[in-house]
Amino acid sequence: MDNIKYENGTLYLLDQTLLPNEEKYITPKSKEDYFFAIKTLQVRGAPAIGIFAAYAMALLDENKESLKSYLDSARPTAVNLSWATARMLKAYNEGKNLIEEAVAIHNEDKEMCRKISEYGLSLLNDGDGILTHCNAGALATSNYGTGLGPLLLGKEKGYNFKVFTDETRPLLQGARLTSYELEKAGIDVTLICDNMSSLVMKQGKINAVLVGADRIAANGDTANKIGTSGAAILAKHYGIPFYVLAPYSTIDFSCETGKDIVIEERDGDEIKTMFFEKPTALKETKCFNPAFDVTDSELISAIITEKGIVKQPIKEGLKKLYD
Ligand code: MRU
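Residues numbered from 1 in each chain as written. Predicted model: local features only at pLDDT ≥ 70, side-chain atom pairs only at ≥ 80, totals over all residues. Heavy atoms only, no water.

A.B. asks: Describe in detail the sheet that holds strand β2 (residues 10-14), supporting the description with residues and values.
C.D. replies: Taking strand neighbours across the sheet as the criterion, the three strands line up as β1-β2-β3 in an open arrangement whose pairing is antiparallel. Unpaired on one side and paired on the other, β1 (4-7) and β3 (25-26) mark the two borders of the sheet. When β2 meets β3, the two strands line up antiparallel, connected through two bridges. By the bridge assignment, L14 is partnered in β3 with Y25. Along the sheet, helix α2 (residues 46-59) makes contact with β1 and β2, crossing β1 at roughly 25°. (Pairing = 2+ DSSP bridges. Helix = DSSP H or I, 4+ residues; strand = E, 2+ residues; numbered from the N terminus. Contact = heavy atoms within 4.5 Å. Axes fitted to C-alpha atoms, helices over the stretch in contact; angles between N-to-C directions.)

A.B. asks: With reference to specific residues and values, describe the pairing of strand β14 (residues 308-311).
C.D. replies: Bridge count between strand β13 (residues 302-305) and β14: four bridges; the pairing is antiparallel. Paired with I304 across the bridge in β14 is I309. Connecting the antiparallel pair β13 and β14 is a turn made up of two residues.

A.B. asks: Explain the site of the ligand residue by residue, including any values.
C.D. replies: R44, G45, A46, R75 and K225 are the nearest of the 17 residues found near the ligand. G45 has a polar backbone atom sitting 2.9 Å from an oxygen atom of the ligand. At a separation of 2.7 Å, an oxygen atom of the ligand approaches a polar side-chain atom of R75. Protein chains bury 99% of the 410 Å² of accessible surface belonging to the ligand in isolation. Residue composition of the shell around the ligand, by class: seven nonpolar, six polar and four charged. (Near = heavy atom within 4 Å. Polar contact = N/O pair within 3.5 Å; in protein donor to acceptor, adjacent residues only side chain to side chain. Areas by Shrake-Rupley, 256 points an atom, 1.4 Å probe, with all protein chains shown as cover. Nonpolar A, V, L, I, M, F, W, Y, C, P; charged D, E, K, R; others polar.)

A.B. asks: Any chance you could break down the packing of aromatic side chains for me, citing the residues and the numbers?
C.D. replies: Using the criterion set out here, one finds six aromatic pairs in the structure. Seen in terms of ring centroids, Y248 and F253 are 6.2 Å apart; in terms of plane orientation they differ by 50°. Their pairing is tilted. Given a relative accessible area of 24%, F253 falls into the partly exposed group. Ring geometry for F253 and Y322: centres 4.3 Å apart, planes at 40°, overall tilted. In this pair, F253 sits in the loop between β11 (251-252) and α10 (269-273) while Y322 sits in helix α11 (residues 314-322), placing the two residues 69 residues apart along the sequence. Taken together, Y248, F253 and Y322 form an aromatic cluster joined through their ring pairs. Positioned above the aromatic ring of Y25 is the side chain of K5, whose terminal nitrogen or guanidinium carbon lies 4.1 Å from the ring centre. For the cation-ring pair, K31 lies above Y70, with the distance from its terminal atom to the ring centre recorded as 5.6 Å. (Phe/Tyr/Trp six-rings, centres within 6.5 Å; stacked < 30°, edge-to-face > 60°. Buried < 20%, exposed > 50% of the residue type's maximum accessible area, 1.4 Å probe, protein only. Lys NZ or Arg CZ within 6 Å of the ring centre and 35° of its normal.)

Everything listed here is a matter of coordinates, which is why it stays silent on function.
Rendered as structure tokens:
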């Protein structure tokens, strides 16, 4: 099932806020509809946001420079968003066909995901136990995904993985999206709460951790969904490889380290009220709701892009990719 479809001049978006209970496509029309879809996570996952925003730049009859700034402001951490809108603005200034450019971004993502999945799969063995966090699958990209790509490709090639997915508080991308995607693909998946990953690692059930990323600094620090850095620290403790999978466009060489990455902060009510019948804390209770945290480069065993596998020392490996 495609999360983003462009057919006969109309863009269809699978509304991820309704999953796994309802599979419904929406058709954004105005710039506000596109902004709302990105902000509220009807479309989410760094590459998917970029693809969606590229279509917005192509389809909306608006001043392209202001449209770019408006869309970019919807989610500040995922670099793929501003990367895609910058590419579309350049195409506009060069007089290119914008629909063709958006379709090219979409198709290139499919190729990238396939390559990332192949590289990732080369690091795994049949029967491995895998931990993943958030959702870095086809829903977050165009197909296969990044963090889930090796699992979905591996399934096609006859591998049998045993996957544990953290539910990923507060917006439950692991529970709502990853378990949904892996179940549909016929992959063995077990849902756990975020605070259970240490136990399954200790029990020897995990051979590798696979996650996506929203922005990667030049030194290899990576911004990933909130909670990912905890899994990386645990993996280091238990001697389990921790792999970050992302397109090359996720590397932001203008950020020297993770300290330069702007972390999106979301409404604290997401913690208290979303997915619960009744609020779980008093209205006046303060919340702190950062959407991402930064995983230090030294905790990462390898960063896998479509250009290959970068192992430690990661900073030097990324620099070689850039040069
Ligand atoms: O807030 P989200 O759901 O957009 O966060 C998504 C993630 O953190 C993904 O793991 C990341 O964007 C990589 S998606 C291939």
